[in-house]
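A look at the structure
Below, each chain spelled out in residue letters.
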Amino acid sequence: MAAPLHHALRQSFATFAAVASMAAVAVLGATASTSAHAQGRDVQRWEPSRPIRLLVPYGPGGSSDVIARAVAAEMSKGLGQAIVVENKGGGQGTIATTEAARARPDGYTLLLGHVGTLAVNPAMMPKLAYDPRRSFAPVTLLARVPMIFAVGQTVPATTLSEFVTLAKAKPGTLNYGSAGNGSAGHLAFEMLKSVAAIDVRHVPYKGTGAQINDLLAGNIDAASAGTPGLLEHARSGRVRILAVGSAHRLAVLPQVPTVAEQGYPGFESSQWFGILAPAGTPEAVIARLNDEAIKAMRSPSVQQRLQHDSSEAVGQGPAQFAAFIRSEQTRWARVVHDAGLAGSQ
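The sections below set out a description of the structure shown in this document. (Residues numbered from 1 in each chain as written. Predicted model: local features only at pLDDT ≥ 70, side-chain atom pairs only at ≥ 80, totals over all residues. Heavy atoms only, no water.)

Here's the deal with the pairing of strand β4 (residues 136-152)
Counting buried positions over the 17 residues of β4 gives 17, a clear majority of the element. In the sheet, β4 pairs with strand β9 (residues 270-278) via 9 bridges, with the strands oriented antiparallel. If you follow valine 145 over to β9, its bridge partner there is glutamine 271. Strand direction decides the pairing type here: β4 and strand β10 (residues 312-313), joined by 2 bridges, are antiparallel. Across the sheet, residue arginine 144 finds its bridge partner in β10, namely glutamate 312. By the bridge criterion, 5 bridges tie β4 to strand β7 (residues 222-226) in an arrangement that is antiparallel. When the bridges of β7 are listed, phenylalanine 149 appears paired with serine 224. With 5 bridges connecting them, β4 and strand β8 (residues 239-244) associate as antiparallel partners. (Buried < 20%, exposed > 50% of the residue type's maximum accessible area, 1.4 Å probe, protein only. Helix = DSSP H or I, 4+ residues; strand = E, 2+ residues; numbered from the N terminus. Pairing = 2+ DSSP bridges.)

Structure follows, in structure tokens:
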């Protein structure tokens with residue numbers, strides 16, 4: 001199982017990097033995408049008259065929370081109405097995602113979409129209360145976040161090699177946490193287990209914050225998460241980051257080598273986030289939200305926030321984001337199948 005999983009994951013992450021890179025060049029380097037989207041169609045500009053809810057399918061403290069709040073604050077300025085972030089974790093992100101799918105399609109309820117809820121869950125869970133392709137109107141892909149691998153202070157490993165050696169000496173004894181079954185951290189660590197041929201038990205949590213709290217308390221040995229959730233604790237010395245999952249070292253962690261550098265060539269792991277509205281939301285609403293979201297991603301405050309955590313701003317038009325989601329669903333279905341996780345939930 002390990003060899004096909006490793007091969008499928010390497011192909012999948014290579015495809016993701018190429019698609020996201022092209023999206024960044026095509027959209028962030030262009031003029032406002034929504035103006036072009038609405039050209040030729042007599043679409044009246046939408047002006048919201050009350051606050052907008054942005055549902056985040058994971059708990060506070062992780063990459064999703066950081067990105068949602070940074071973008072929401074900036075979008076609120078352009079829309080003239082507050083965007084209120086609501087963290088609703090649990091159910092592998094399905095609770096918030098289902099609520100968004102069932103909301104009135106009027107622009108006042110939005111969803112922070114994620115690789116886990118839109119691409120991994122459909123492959124892992126035989127029954128979902130939402131249809132990841134038909135229940136939503138994509139607005140834009142916001143950002144991608146490199147995954148990093150860390151251990152707590154009680155684990156006697158300072159490098160990935162030492163951790164692998166320790167895990168092989170005690171198979172099934174060490175454990176790792178993730179933000180939940182099917183989360184980006186779950187799949188990233190399963191990928192690491194496959195390429196390193198180690199047996200480390202998975203402990204799912206309801207969000208990154210809870211996972212990291214237990215890592216700090218010594219209740220779990222290791223974790224995989226996006227950079228925002230772990231950087232602060234690494235800087236304070238409360239956790240040790242053994243490797244980064246990106247193709248290149250991160251500017252904020254120049255001393256930490258990539259997984260690929262440490263003996264596993266081709267390894268790459270990132271997660272992505274975007275904004276979606278309920279299906280049936282009027283075109284004028286989607287166009288305005290897309291416009292303001294891309295403006296927000298270009299703003300100095302959001303750029304600074306993302307760069308601080310090594311998150312990469314992307315930005316896409318609605319049609320591009322919809323196509324991207326479909327491609328992600330296809331590749332993750334293959335990865336989940338090869339990992340033996342299909343229908344496991």
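From this point on, the discussion continues.
Quick look at helix α4 (residues 94-102)
What α4 keeps buried is the set Thr94, Ala96, Thr97, Thr98, Ala100 and Ala101. Elements that come into contact with the buried residues of α4 comprise β1 (52-56), β3 (109-114), α5 (115-124), β4 and β9. (Contact = heavy atoms within 4.5 Å.)

Re the environment of leucine 166
Examined against the element boundaries, leucine 166 turns out to sit in helix α6 (residues 160-169). Taking the C-alpha atoms as reference points, leucine 166 and proline 156, separated by 10 residues in sequence, lie 8.3 Å from one another. Leaving out residues up to four positions away in the same chain, leucine 166 has contacts with Val155, Pro156 and Leu174.

Some points on helix α3 (residues 63-79)
With 17 residues, α3 should cover 24 Å at 1.5 Å per step; its first-to-last C-alpha distance of 24 Å lies within 8% of that length. Summarising burial for α3: 13 of the 17 residues are buried, a large majority. At the exit of α3 stands glycine 80, carrying a positive phi of roughly 75°. (Expected span 1.5 Å × (residues − 1).)

Purely geometric stuff here, so don't read any function into it on its own.
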